[in-house]
Amino acid sequence: MKLSSSVFALLCLICEIVSIALFLRGFFPVPVKSSFSAKSQVTDFPAEPQTGSGPNSSKAPVPVFKRVVIVLIDALRDDFVFGSDGRRFMPYTRNVVERGSSHSFIAKARPPTVTMPRIKALTTGSIPGFIDVVMNLNSPALLEDNLIWQAKSAGKRIIFYGDDTWVRLFPKQFMEHDGTTSFFVSDYTEVDNNVTRHLDSTLKRDDWDILILHYLGLDHIGHISGPHSSLIGPKLMEMDDIIKKIHVSLISKESEGTLPNLLVLCGDHGMSETGSHGGSSEPEINTPLVLISPTFRRKAGLEEPGVLEQVDLTPTLALGLGLPISKNSVGHLIPAVFEELSLREQLRRLQINGHQLSRLLQDSSPTFHKEDGYEQFRVAEKAHGSWMKLYVDGNTSEVLSNMGKKVLKQYLEALKAMSSALSKQLGKYDMYSMIMGMIFILQVLFLLLLAMPEALSREAVVDVPLASSLLSLPFYLLCLFGSALHVLICTSAGGPCYLCSLPWVLVFTVILLSSAFMCALVSMAARRMSTGNKTPTKGSDWTLSELDALLLVGTVGHTLSLGSSSFIEEEHQTWYFLLNTLCLAIFQDVCRKYFREQRRRGEEEDEGPLLPSSAEEGPSFSPAAELGISPGSEKWLALATPPLTLTCCRLLRSLNQTGVQWAHLPDFGHWLNRGTVEARFVYVFVLGILFTGVKDLLRSQVMSSAVDSGRLKSRGLWEVYSGVVLLVALLFRAHNLPTLACCLLIQTIMAQFIWKKLHYDAAQTTIMHYWFGQAFFYFQGNSNNIGTVDISVGFVGLESYVEAPAIFLTALSTYAGPLLWACHLLCFLSSQRDRAVMGLGHGSYCFALLRSIPAVFYVVLVTSLRYHLFIWSVFSPKLLYEAMHTLITTAVCLFFTFMDQERSARP
């Protein structure tokens, strides 16, 4: 079967997208969950040792607190409370922390440090899967066992004000609520005033048990201007006044003979040095946790706050309110909260927490009995029984007290060990789906590599022996072997894989496709060997020049260099280096053309391009108008182009400091916000420009003259490109507009003085465009950290959250650099009449190959490093970026193919 290069590349990318999707489905683990009853019940409490089997042996522990107020300040870093900023801007809170009626901790949030997964962690005690980050913008109702459901089932009356993510997660759970949207990050005043306006009246009432307040203003300030903004101090002072108001109100309602109240101050996540969040840097994962209650009595004075996991708050609040612990909680209670209780009550709560963790461990690991924590818990529980026997007998000696303290210590060690084991487990990989996805994506890469000579030939046609492979005996044998292997693995793996949940027709289709790919690969490899690694296509001129070799080796070298977390975090440095190398190589070519070879201008024109020309088509349309430059000046402008490009790139590097190690350095830029009305005017202009471009493209299809059709189609493409540029200019932050300006400048001078004059072929030009696109991705301020995704651009011109346009605008803004360079390549190749015959097919193939190499590398890398320390904080985000980039490249190649097929269809 013969396919054009563009169609072949598009089909390969589609198969690659399916393969990556299958791999991601197996890689991102299902969070650790219990298979017991959906929700914990009071009857699930274990019997207290040595108390018999009576009705009171399994009763719930008595509540420690009457009321609980949770003040969650979004993006509250630990140094905002415990550092110098806390002393300056939160004096009341610091005074409470230091005078002894509180316990202070640094609670570590697990990546991804975005709001919705953190709320899940705080309420369920479980560690959400990494893939939850993509659901952060549209949170479904939480069906998992959680603290809010337990409190509501126990008759607790809950009031909530703040981020409406809570309302979506817990519908019908609040007695009263008022949600505020979190998506308009330019608003850091009204978003908090809408919470505080309810506070005075609510604190005077006695008809509630739990009050939850989620303030968003601090997070919005961080997104606007970073953690060192002048707006941070006033916002912290505002939060400090709120803490004071709540604390004073709770104290005034304290009375003898009643249970004390508890005030919890915490953050869902921190804030990076650039004001974002989502990654795993220390400022992002370290959040303060301050527990304030008159029942706490410790020595006054500032102490170094202890360190614990954010999920430890869930079992602590549950046992503090006399509620069952959520089934899937992996946290262990905070012992300091219960240290004023009797030793028996402390041991009882530790036993309940240990029982819940041991059951979850049993249900999630077949080798649970080998875990140190499980054995320690069993030993501690037996010692607890011996202590209870002495206690029930009325023994009051010091030996009993020492024995009880020893049991308490054993319980704590066991809880920490089991919690750590469950946290490390995170979930179960579907290795079968991962391996199948890896095999498919490897087959696609090998197919692209074997097809390189044909795909880059003059005809740009690839002969894929698919039909002959489907009729061969090895194909049927592979299908039979694949089906048998699938059944064998799925019946012996101890549980069904993802493929088993699909219809059997779809699974069989996957097996057929894989077998066909394998047969086609073997046939193409045999054909290459029989022809001595030469393309069988007659008249081919495919060669590997010095520049081709430099570009391909650089791309492969970049991919292979990213085997560690440090290279992924600082990947932009690699692209900056490769871009500098590219400019120096181009400068060498320019010098060779104008000084070494000393060819006459007429001879240069006679050389012609590497691709065939069509003189009959006449002059082509170009976005750069005739500049009226003399031949002598043209030489010097061409020589100045690489240094000017280097200068622009160096300035852009300082415009947005990205990565990890240098992200804290000051950027050359200031933030500016746009209104919705102005944005909508721009949308109207963009639609008008796009309409004009599409109209020209459609008109070009009905014109009889090939020359007029080509000119009109080229002009239509440039008009569409102009519309995309205008849309990107609207979405970019104001300080990023120089990035767009430099992008357009470099594209213009490179097109006028480098790609045209040096006669680079389509493959070389495509690789250069790909390199520039990758570099501009980082020039925008992006990184391989999810925290650098600017979700606020998805709401430009919108008054409320609308999912489809928000996703589209966010993706367009994030990948604006690669998209602009890919669009410019399409326009450039189409406007060059002497290069456009097969240029689009060559460009589409090169894009597919350049995307397949890193995709395959990261799939293999992530599989081999799935138990690496930084698998969730570094490698997983990079894998998501690669998957999204491959999807965008597929869309680009689809447009390339459409334009290529129209050109091929024209006689």
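Before any of the text, the structure's been laid out above.
## Here we look at the pairing of strand β5 (residues 158-163)
- For β5, a buried count of six out of six residues is recorded, marking the element as mostly surrounded by other parts of the structure.
- By the bridge criterion, five bridges tie β5 to strand β6 (residues 176-180) in an arrangement that is parallel. Among the inter-strand pairings, isoleucine 159 is bridged to a residue of β6, identified as glutamate 176.

## Some words on the state of the cysteines
- Overall, the coordinates contain zero disulfides when judged by the stated rule.
- Free of any disulfide, cysteine 742 has its nearest neighbouring cysteine sulfur in cysteine 648, separated by 4.3 Å.
- Lacking any disulfide linkage, cysteine 823 is separated from the closest cysteine sulfur, that of cysteine 827, by 6.7 Å.
- We classify cysteine 823 as partly exposed; its relative accessible area is 24%.

## Focus: helix α5 (residues 115-124)
- With ten of ten residues buried, α5 is to be regarded as a mostly interior element.
- Taken as a whole, α5 has its buried residues at Thr115, Met116, Pro117, Arg118, Ile119, Lys120, Ala121, Leu122, Thr123 and Thr124.
- Structurally, α5 contributes buried residues whose contacts are with β3 (68-73), α6 (147-153), β5, α7 (165-169), β7 (210-215) and α13 (313-320).
- Just downstream of α5, glycine 125 is the residue with a positive phi angle, here 80°.

## Quick look at the nonpolar core
- Counting residues in hydrophobic clusters, the biggest one holds 127 residues, and the most contacted among them are Phe8, Phe27, Trp755 and Tyr845.
- Core analysis: the next-biggest nonpolar cluster, separate from the first, contains 69 residues, Ile70, Ala107, Ala336 and Leu408 among them.

## Points about the sheet that holds β5
- Across the sheet, eight strands lie side by side as β6-β5-β7-β3-β8-β9-β4-β10; this open sheet has mixed pairing. Two strands bound the open sheet, and with one partner strand each, they are β6 and β10 (306-309). Across this sheet, the average inter-strand angle for adjacent strands is 15°, counted without regard to direction.
- Sheet analysis places β5 next to β7, joined by five bridges and oriented parallel. In the sheet register, phenylalanine 160 faces β7, and the bridge partner there is isoleucine 212.

## Things to note about unusual backbone geometry
- One non-glycine residue with positive phi stands out, namely lysine 172, at about 65°.
- For alanine 460, which is not glycine, the phi torsion reads 50° and is therefore positive.
- Looking at the element boundaries, alanine 460 is found in the loop between α18 (452-455) and β12 (461-463).

## Considering helix α32 (residues 816-831)
- Look at α32: 22 Å from first C-alpha to last across 16 residues, which is about the 22 Å you get at 1.5 Å a residue.
- Among the 16 residues that make up α32, 15 are buried, leaving the element largely enclosed by the rest of the structure.

## A look at the environment of methionine 438
- In this structure, methionine 438 sits in helix α17 (residues 431-450).
- Taking the C-alpha atoms as reference points, methionine 438 and alanine 855, 417 residues apart in sequence, are found 9.8 Å from one another.
- The contacts of methionine 438, once residues within four sequence positions are left out, are Phe23, Val859, Val860 and Thr863.

## Thoughts on the packing of aromatic side chains
- Taken as a whole and assessed by the stated rule, the structure comprises 23 aromatic pairs.
- Pairing phenylalanine 160 with phenylalanine 174 gives two aromatic rings, centres 5.4 Å apart and planes at 25°, and the pair type is stacked. In this pair, phenylalanine 160 is assigned in strand β5 and phenylalanine 174 in the loop between α7 and β6, connecting sequence segments 14 residues apart. Here phenylalanine 160 and phenylalanine 174 have matching classes, each one buried.
- Ring centres 4.6 Å apart and planes at 10° place the aromatic pair phenylalanine 772 and tryptophan 821 in the stacked group. Residue phenylalanine 772 is found in helix α30 (residues 762-779), and its partner tryptophan 821 is found in helix α32; the two are separated by 49 residues along the sequence.

## Notes on the packing of helix α29 (residues 737-755) against α30
- Across the interface, α29 lies against α30 with an axial gap of 12 Å and an inter-helix angle of 165°. Here α29 lies roughly antiparallel to α30, going by the angle between them. In this structure, α29 meets α30 at a crossing whose hand is right-handed. Contacts between α29 and α30 pair Thr739, Cys742, Cys743, Ile746, Met750 and Trp755 from the former with Thr765, Met768, His769, Phe772, Phe776 and Phe779 from the latter.
- Of the residues in the contact of α29 with α30, the class split is nine nonpolar, three polar and no charged.

## Description of the pattern of salt bridges
- According to the stated counting rule, one finds 25 salt bridges in the structure shown.
- A salt bridge links glutamate 309 to arginine 110, with the shortest nitrogen-to-oxygen separation between them at 3.4 Å. Of this pair, glutamate 309 sits in strand β10 while arginine 110 sits in the loop between β4 (102-108) and α5, and the two are 199 residues apart along the sequence.
- Given the relative accessible area of 26%, glutamate 309 is considered partly exposed.
- On the basis of relative accessible area, arginine 110 is assigned to the partly exposed category, the value being 26%.
- A salt bridge links aspartate 164 to arginine 168, with the nearest nitrogen and oxygen atoms 3.2 Å apart.
- Taking the relative accessible area as the measure of exposure, aspartate 164 reaches 18% and is therefore buried.
- Via salt bridges that share partners, Glu571, Arg851, Lys878 and Glu882 belong to a single interconnected network.

## Considering the environment of alanine 891
- Its place among the elements puts alanine 891 in helix α34 (residues 871-905).
- Overall, alanine 891 belongs to the partly exposed group, its relative accessible area being 47%.
- Separated by 878 residues in sequence, alanine 891 and leucine 13 place their C-alpha atoms 9.3 Å apart.

Procedures and definitions
- Numbers given for residues are sequential positions, taken from 1 along each chain in its written order.
- In keeping with the model being predicted, local features are shown solely for residues with a pLDDT of at least 70 and side-chain atom pairs are shown and tallied solely at 80 or more, while totals for entire chains, interfaces and linings include all residues.
- Side-chain numbers come from the whole structure's heavy atoms, not from hydrogens or water.
- In this scheme, a residue with accessible area under 20% of its type's maximum is buried, one over 50% is exposed, and one in between is partly exposed, where area comes from a 1.4 Å probe on protein chains only.
- Secondary structure elements follow DSSP: runs of H or I no shorter than four residues count as helices, runs of E no shorter than two count as strands, and numbering proceeds from the N terminus.
- Pairing between two strands is assigned when DSSP locates at least 2 bridges connecting them.
- Two cysteine sulfurs form a disulfide in these notes if their separation is within 2.5 Å.
- It only takes one pair of heavy atoms within 4.5 Å for two residues to be counted as in contact.
- Take the buried Ala, Val, Leu, Ile, Met, Phe, Trp, Tyr and Cys residues and link them wherever side-chain atoms come within 4.5 Å; each set so joined is a nonpolar core.
- In this analysis, axes come from line fits to C-alpha atoms, helices being fitted only over the stretch in contact, and the angle between any two N-to-C directions falls in the range 0 to 180 degrees.
- Helix span, expected: 1.5 Å multiplied by one less than the number of residues in the helix.
- To pair, rings of Phe, Tyr and Trp, with the six-membered ring standing in for Trp, must have centres within 6.5 Å; the planes then decide the type, stacked if under 30 degrees apart, edge-to-face if over 60, and tilted in the middle.
- Roughly parallel covers angles under 35 degrees, roughly antiparallel covers those over 145, roughly perpendicular covers 65 to 115, and oblique covers all other angles.
- The hand of a helix crossing depends on one turn: near helix anticlockwise from the far one by less than a right angle means left-handed, and clockwise means right-handed.
- Residue polarity follows a fixed list, in which Ala, Val, Leu, Ile, Met, Phe, Trp, Tyr, Cys and Pro are nonpolar, Asp, Glu, Lys and Arg are charged, and the others, Gly among them, are polar.
- By definition, a salt bridge exists where a carboxyl oxygen of Asp or Glu is found within 4 Å of a side-chain nitrogen of Lys or Arg.

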